Amino acid sequence: MATNFLREPILSHGQKVCRLYKMACRNIEGFYADSPNGLFPARFLMMKMRGQLEENRNVEPKVAKELVADFEKQVKHIETPFPLRFANSPGGTNFGRSMPDPDWVLDTWHPFEKAQYPSYFALRDIRKREFLERNERLMQEMDVATTK
């Protein structure tokens, strides 16, 4: 059984700090999104957190791990119950609503339209032919396997 979905990428210290800072900024934006003067206090808090991270830029690795753990606690403390989500991102209101057009739509194009993109349609025809041949071969193998 494949367990690739259980793997987490190995992140460097800098990547962890950047991701934590970005998560903190998004939480702050979500917390202050609806207030009328939300931009100014939110920006102030973001700059304060950035300054805190910049102070500790050149510390030893053991101390850096402790500081990252403390920063994670701060991020959890400011976590908002209603996070700000972008519309087309996962969890957003528009995510997955506009599905891509199916491939058969390109078959309905007029030859004059196809002539505007000759290299694309030439490669598409080759791949379509290969797909159909592979599909036909697999169907024949399945028929042989089921008749045994």
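Scoring rules and cut-offs
- Residues numbered from 1 in each chain as written.
- Predicted model: local features only at pLDDT ≥ 70, side-chain atom pairs only at ≥ 80, totals over all residues.
- Heavy atoms only, no water.
- Salt bridge = Lys/Arg side-chain N within 4 Å of Asp/Glu carboxyl O.
- Helix = DSSP H or I, 4+ residues; strand = E, 2+ residues; numbered from the N terminus.
- Buried < 20%, exposed > 50% of the residue type's maximum accessible area, 1.4 Å probe, protein only.
- Axes fitted to C-alpha atoms, helices over the stretch in contact; angles between N-to-C directions.
- Parallel < 35°, antiparallel > 145°, perpendicular 65-115°, else oblique.
- Left-handed = near helix turned anticlockwise from the far one by under 90°.
- Contact = heavy atoms within 4.5 Å.
- Nonpolar A, V, L, I, M, F, W, Y, C, P; charged D, E, K, R; others polar.
- Core = buried A, V, L, I, M, F, W, Y, C linked by side-chain atoms within 4.5 Å.

Enquirer: Explain the pattern of salt bridges to me, using residue names and the numbers behind them.
Expert: Overall, the coordinates contain 7 salt bridges when judged by the stated rule. Asp-107 is the salt-bridge partner of Lys-128, the closest N and O atoms lying 3.0 Å from each other. Here Asp-107 lies in the loop between helix H3 (61-77) and helix H4 (111-114) and Lys-128 lies in helix H5 (residues 118-147), a separation of 21 residues in the sequence. The partly exposed category is assigned to Lys-128, whose relative accessible area is 32%. Overall, the relative accessible area of 33% leaves Asp-107 in the partly exposed class. Its salt-bridge partner being Glu-141, residue Arg-137 comes within 3.6 Å of it at the nearest N-O pair. Taken together, the positions of Arg-137 and Glu-141, both in helix H5 and 4 residues apart, correspond to about one turn of that helix. In this structure Glu-141 comes out as partly exposed when scored by relative accessible area, which is 42%.

Enquirer: Let's hear about the packing of helix H1 (residues 13-31) against helix H2 (residues 39-55): which residues, and what values?
Expert: The geometry of H1 relative to H2 is characterised by a closest axis approach of 9 Å and an angle of 160° between their N-to-C directions. Here H1 is positioned roughly antiparallel relative to H2, judged by the angle of their axes. In the packing of H1 onto H2, the handedness of the crossing is right-handed. Listed contacts from H2 to Val-17, Tyr-21, Ala-24, Cys-25, Ile-28 and Glu-29 of H1 are Ala-42, Leu-45, Met-46, Met-49, Arg-50 and Leu-53. Among the residues forming the contact of H1 with H2, the class breakdown is 10 nonpolar, no polar and 2 charged.

Enquirer: Would you mind going over the nonpolar core in detail, with residue names and values included?
Expert: Counting residues in hydrophobic clusters, the biggest one holds 12 residues: Val-17, Leu-20, Tyr-21, Ala-24, Cys-25, Ile-28, Ala-42, Met-46, Met-49, Val-68, Phe-71 and Val-75. Sorting the residues of this core by element identifies H1, H2 and H3 as the ones contributing at least two each. In terms of residue count, the dominant contributor to this core is H1 (6 residues).

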